[in-house]
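Chain by chain, the residues:
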Amino acid sequence: MELYLDTANVAEVERLARIFPIAGVTTNPSIIAASRESLWDVLPRLQKAIGPEGILFAQTMGRNAETMVAEAKRLSNSFPDIVVKIPVTAEGLAAIKILKKEGITTLGTAVYSAAQGLLAALAGAKYVAPYVNRVDAQGGDGIRMVQELQSLLELHAPESKVLAASFKTPRQALDCLLAGCEAITLPLDVAQQMLGTPAVESAIEKFEHDWKNAFGNLNL
């Protein structure tokens, strides 16, 4: 299972990478824009923060296959191990097919249906990113869509994997993992909610209180 952080906040990646067993960092144009930093400035810093074993994702901006491929090549030349995110449109599928032949690893992003995700995988995307909460927000069932996509990939494109995205709660992320997802990417607030349970601190304080009453200190 691979756990990613969905952010361009370098300081938070550095902080959380010490705590979480993260496999890398995913970004998208909105995340980069929110950082107010140039893509070419922030990506090297994110790569340094996750270390040589971490996987970094960045997205193209072009709307046609030719531009997507050119941008993907520029990203790959600058960061040889980067995974290039391509929106799963008609032009995106064409770009994914070309990039597969070029040996550039891709992720099919902005996936709102299992069929769309399967097409990305069959075109050659190593990762497929269904948007769980966004599907829910449109009145769909994000978790069911992930379950269907996971089953389809297992049957027809086993070399590809689901990297579920767009979460608002830890529960959504856990449900995706229970559905068989091999990878998820979490925004910072959801990642921190996984550890931010008030009852944990209360339990620790009780342990300390009882120990100190018995032994007069907090040492083993």
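One can find the structure itself at the top, above this paragraph.
Because the structure is a prediction, the values reported are computed rather than measured.

**Looking at the overall build of the chain**
From N to C terminus, the chain includes eleven helices and eight strands. Dimensions of the chain, computed from the C-alpha atoms along their principal axes, are close to 70 × 40 × 30 Å. Contacts in the chain between residues far apart in sequence, at least 24 positions, make up 55% of those at least 6 positions apart. When the accessible area of the chain is evaluated, it comes to approximately 11600 Å², of which 53% is carbon and sulfur surface.

**Some details on the nonpolar core**
L46 and C176 are the most contacted members of the largest nonpolar core, which has 59 residues in total. Among residues more than four places away in sequence, those in contact with L46 are T7, A8, V10, V13, V25, T27 and L56. Counting residues in hydrophobic clusters, the runner-up holds nine residues, among them Y4, A23, V83 and Y127.

**Things to note about the side chain of S76**
If you trace the backbone, S76 turns up in helix 4 (residues 65-78). By relative accessible area, S76 is classed as buried at 15%. When near neighbours in sequence (up to four residues on either side) are disregarded, S76 contacts I82 and I104.

**Observations regarding the packing of helix 1 (residues 10-17) against helix 3 (residues 39-50)**
Here helix 1 crosses helix 3 at 10 degrees, and the two axes come no closer than 9 Å. The pairing of helix 1 with helix 3 is recorded here as roughly parallel in orientation. The residues of helix 3 that touch helix 1, namely those facing V10, V13, E14 and A17, are V42, R45, L46, A49 and I50. Its residues assigned to classes, the contact of helix 1 with helix 3 shows seven nonpolar, no polar and two charged.

**What about the sheet that holds strand 7 (residues 161-164)?**
Taken together, the eight strands give a closed barrel; going around it, the order is 1-2-3-4-5-6-7-8, and neighbouring strands pair in parallel fashion. Taking each pair of neighbouring strands and ignoring which way they run, the sheet shows an average axis angle of 25 degrees. Here strand 1 (residues 2-6) runs beside strand 8 (residues 183-186); their pairing, made up of four bridges, is parallel. Within strand 8, the position partnered with Y4 by the bridge is T185.

**A look at the pairing of strand 5 (residues 106-111)**
Among the six residues that make up strand 5, five are buried, leaving the element largely enclosed by the rest of the structure. Note: strand 4 (residues 83-87) against strand 5, four bridges, orientation parallel. By the bridge assignment, P87 is partnered in strand 5 with T109. Sheet topology places strand 5 next to strand 6 (residues 127-130); three bridges connect them, and they run parallel. In the sheet register, L107 faces strand 6, and the bridge partner there is Y127. The β-α-β motif built from strand 5, the intervening helix 6 (residues 114-123) and the parallel element strand 6 has right-handed crossover chirality.

Criteria and cut-off values
Residues numbered from 1 in each chain as written. Predicted model: local features only at pLDDT ≥ 70, side-chain atom pairs only at ≥ 80, totals over all residues. Heavy atoms only, no water. Helix = DSSP H or I, 4+ residues; strand = E, 2+ residues; numbered from the N terminus. Contact = heavy atoms within 4.5 Å. Areas by Shrake-Rupley, 256 points an atom, 1.4 Å probe, with all protein chains shown as cover. Core = buried A, V, L, I, M, F, W, Y, C linked by side-chain atoms within 4.5 Å. Buried < 20%, exposed > 50% of the residue type's maximum accessible area, 1.4 Å probe, protein only. Axes fitted to C-alpha atoms, helices over the stretch in contact; angles between N-to-C directions. Parallel < 35°, antiparallel > 145°, perpendicular 65-115°, else oblique. Nonpolar A, V, L, I, M, F, W, Y, C, P; charged D, E, K, R; others polar. Pairing = 2+ DSSP bridges. Right-handed = clockwise from strand over helix to strand, strands pointing away.

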